Amino acid sequence: MSKPALLSLHQALRKSFHSLESNQREWRSVLAECSPLMESLGNLAEQWRALSNVQISNTPLRDFPDLQERLTFKLLQATDTVLLKVNEKMSSLQSVRDSVSNQVSAVLQLYEQNSDSLDLLTVTERSATAPSVSDMLGWLQDAERHYRPAVSSLFALGLFALWFGSFCCCCFCFLNSSFQISEEEDSAADTQSRRSLPVGRRSQKMEIHGVVQC
């Protein structure tokens, strides 16, 4: 048995557990900050649906110029702000997961480098006040496996954010196209009403229009 190798491994394990405790606190803190962001995205989604289901030009609010475009722009700004914060939280969670993985890999690599000088009895020996090296290595691997499923959660969160951003863009395009179609329909209706005038009234209207222009 090599005492320097065992001492070095104990120091690395102690350092890893301290870092793991710090990483876990940060992980929980970031997750807690994600909850209100998800609620904000849900509220924004409801607002987008409500705005896409109403034609403001057919409501008493039509007297306010460009109201639909202004509301759309405001929702886009709010959505971009929330999605930016979600992306920052995802990056923080990914950094924590990578940090834990790197720590565990470093300790395992140190153990493998000194495995020839560490016999089985030394690695599995435990006392009433200290766990064995094998126990602590197993706990670190369990901790790493604890964060692995979080990758799927992060991926799902990223997909949701991407879907929501696409949904907002589709709503924006739909609202713009609806507004343009409404304008075209109004213009077509006005043209049709002019064509449906009797010849005498149409001539009279053209004459009046010419007098106004003069």
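Quick notes on the rules
Residues numbered from 1 in each chain as written. Predicted model: local features only at pLDDT ≥ 70, side-chain atom pairs only at ≥ 80, totals over all residues. Heavy atoms only, no water. Helix = DSSP H or I, 4+ residues; strand = E, 2+ residues; numbered from the N terminus. Buried < 20%, exposed > 50% of the residue type's maximum accessible area, 1.4 Å probe, protein only. Contact = heavy atoms within 4.5 Å. Areas by Shrake-Rupley, 256 points an atom, 1.4 Å probe, with all protein chains shown as cover. Phe/Tyr/Trp six-rings, centres within 6.5 Å; stacked < 30°, edge-to-face > 60°.

Visitor: I'm lost on the overall build of the protein in this one. Help?
Guide: Summing up its helical and strand segments, the protein has six helices and zero strands in all. Reading the protein from its N end, one meets helices and strands in the order α-α-α-α-α-α. Here the protein holds 214 residues, and the buried ones make up 31% of them. In the protein, 83% of the contacts between residues at least 6 apart in sequence involve partners at least 24 apart. For the protein, the exposed area adds up to about 14,200 Å²; of that, 57% sits on carbon and sulfur atoms.

Visitor: Before we go on, may I ask you to explain the packing of aromatic side chains in this structure?
Guide: The relation between two aromatic rings is expressed through the spacing of the ring centres and the mutual angle of the planes. Counting across every chain of the model gives two aromatic pairs. Between Phe-17 and Trp-139 the ring centres are 6.4 Å apart and the planes differ by 70°, which places this aromatic pair in the edge-to-face class. Here Phe-17 is found in helix α1 (residues 3-52), whereas its partner Trp-139 is found in helix α4 (residues 133-147), with 122 residues between them in sequence. Judged by relative accessible area, which is 25%, Phe-17 ranks as partly exposed. Here Trp-139 falls in the partly exposed class, since its relative accessible area comes to 46%.

On their own, these measurements won't tell you what the molecule is for.
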